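# Fold and geometry: a report
For reference, the chains in residue letters:
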Amino acid sequence: MLKLPPLSLYIHIPWCVQKCPYCDFNSHTLKGEVPHQEYVQHLLNDLDADLVHVGSREVQTIFIGGGTPSLLSAESMADLLYGVKERIAVSPNAEITMEANPGTVEAERFAGFQRAGVNRISIGVQSFGDDKLIRLGRIHDAGEAKNAARLAKELGLRSFNLDLMHGLPDQSLSQALSDLQQAIALSPPHLSWYQLTIEPNTQFGSRPPKLPDDDMLWDIFSEGDKLLTAAGYQQYETSAYCKPGFQCEHNLNYWRFGDYLGIGCGAHGKISFEDGRIMRTVKTKHPKGFMEGRYLHQQNFVDNDDRPFEFFMNRFRLLEAFPRQDFSDYTGLSEEAIRHQIDEALALGYISETETHWQITPHGKLFLNSLLELFL
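So, here's what we can say about the structure. Keep in mind the model is a prediction, meaning the values are calculated, not measured.

## Some remarks on the side chain of R339
Along the polypeptide, R339 turns up in helix 14 (residues 339-347). The exposure class assigned to R339 is buried, which follows from its relative accessible area of 15%. Among the polar contacts made by the side chain of R339, one reaches the side chain of E353 at a distance of 2.9 Å. In this view, R339 contacts R324, L346, E353 and W358; residues no more than four positions away in its chain are not counted.

Given below as structure tokens:
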């Protein structure tokens, strides 16, 4: 038997104006106009097919990602969210996040997205250096990014996030800290600050740029962390900082091994069942196939042997202490199944343990991959 965790909904909008050279997400360069209403209808059809798995469960958070969701019209966003709420119970206090490109055209539609029901916007800034933005293939400049952030703040949204990257091509310590200082000056309640990595099957993967060395990356992280802490931001996840009380609730549910429906091109889902099954789904990646009505690409059930790694891969991204009981409740396994690995992690100083909780240590945070390998 499993205890059912909170349920979220992820919605994928696959189109971008152009593909960034570092991006390995399921995004597709837009050719012509976005098929607004047609795609929304397919998203709702996809959701209809998934509802059989969740019964009367209530959605606690919604995240609309991409791609560039802000390419969707505000009217289509309203139709989408209205259609979702017609089909499944959504908490009256649900956090509803939309990713947005800070380009001027998208930013001007923020108010329309708010009227549609979006109450949190995540703005893909990446850098405030125009030269760095060009290297990253971004279509906005620093001025547009700041304008988008100011508009999000003026709207009085529940929250907004700025996405920033560090470890950029030829980036110096002062440039990386300048990005953070400019972001902090805009007072976002939440900051995602993550290191650029070179992924296969990307432009950077085939023609890697020169990135800062490990010593420089450590200096950037350690000095940036001090800067964020001094400004009142708390690190609560490997790559996320926020003002107190402004964690991203949707991402928290991912990292706490929660459940989520995933609809749209290439979207992933995870659904638990009281009888002990844990199902993962992957939807058709390419818009053409998806919009021909072939929504489900893959569906499988998570073996018991794989559950410890999947659980801790998520849980140890968060810096918070968490109940030991969650492991048994959400995996269906006894603590004895992983007692040896836990003891080894304790001996190595990767985690701490109390009678009721586990927590990753500062040392474990530095050796996260080594910690997770214990559960493979």
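Moving on from the coordinates now.
## Let's talk about a nonpolar patch on the surface
Together, W218, L366 and F367 line one region of the surface with nonpolar side chains, adding up to about 320 Å² of accessible area. Along the chain, L366 falls in helix 15 (residues 362-366).

## Regarding the packing of helix 7 (residues 173-185) against helix 9 (residues 214-230)
Relative to each other, helix 7 and helix 9 sit at 25°, their axes nearing to 9 Å. Put simply, helix 7 runs roughly parallel to helix 9. In this structure, helix 7 crosses over helix 9, and the sense of that crossing is right-handed. Residues L173, A176, L177, L180, Q181 and I184 of helix 7 lie in contact with helix 9, whose contacting residues are M216, D219, I220, E223, G224, L227 and L228. Taken together, the residues of the contact of helix 7 with helix 9 break down into 9 nonpolar, 2 polar and 2 charged.

## Quick look at the sheet that holds strand 16 (residues 351-353)
Within the open sheet, the 3 strands sit side by side as 15-17-16. Their pairing is antiparallel. Looking at which strands have only one partner, the edges of the open sheet turn out to be strand 15 (322-323) and strand 16. One ladder, built from 3 bridges, connects strand 16 with strand 17 (residues 357-360); its direction is antiparallel. Its bridge partner being in strand 17, I351 is matched across the sheet by I360. This element, helix 14, spans strand 16 and strand 17 of the sheet and lies at about 110° to strand 16.

## Description of the pairing of strand 13 (residues 278-283)
Among the 6 residues in strand 13, 6 count as buried, and that is most of the element. Sheet analysis places strand 12 (residues 268-272) next to strand 13, joined by 5 bridges and oriented antiparallel. Of the residues in strand 13, the one forming a bridge with I271 is M279. Linking strand 12 to strand 13, which pair antiparallel, is a turn of 5 residues; within it G276 sits at a positive phi near 110°. Note that strand 13 and strand 14 (residues 296-301) share 5 bridges and pair antiparallel. Across the sheet, the residue bridging to M279 is F301, located in strand 14.

## Section: helix 14
Residue pairs spaced three or four apart in an α-helix point in one direction, given the helix's 3.6 residues per turn. Regarding helix 14, the residues found buried are R339, Q341, I342 and A345. Projected down its long axis, helix 14 carries its buried residues within an arc of 160°, all on one side. The exposed residues of helix 14 that point more than 90 degrees off its buried face are H340 and A347. Where helix 14 is buried, its residues contact helix 12 (307-315), strand 16, strand 17 and helix 16 (368-373).

What counts, and at which threshold
- Residues numbered from 1 in each chain as written.
- Predicted model: local features only at pLDDT ≥ 70, side-chain atom pairs only at ≥ 80, totals over all residues.
- Heavy atoms only, no water.
- Helix = DSSP H or I, 4+ residues; strand = E, 2+ residues; numbered from the N terminus.
- Buried < 20%, exposed > 50% of the residue type's maximum accessible area, 1.4 Å probe, protein only.
- Polar contact = N/O pair within 3.5 Å; in protein donor to acceptor, adjacent residues only side chain to side chain.
- Contact = heavy atoms within 4.5 Å.
- Patch = residues over 30% accessible without salt bridge, like charges linked within 9 Å, V, L, I, M, F, W, Y side chains within 5 Å.
- Areas by Shrake-Rupley, 256 points an atom, 1.4 Å probe, with all protein chains shown as cover.
- Salt bridge = Lys/Arg side-chain N within 4 Å of Asp/Glu carboxyl O.
- Axes fitted to C-alpha atoms, helices over the stretch in contact; angles between N-to-C directions.
- Parallel < 35°, antiparallel > 145°, perpendicular 65-115°, else oblique.
- Left-handed = near helix turned anticlockwise from the far one by under 90°.
- Nonpolar A, V, L, I, M, F, W, Y, C, P; charged D, E, K, R; others polar.
- Pairing = 2+ DSSP bridges.
- Arc of directions from axis to C-beta.

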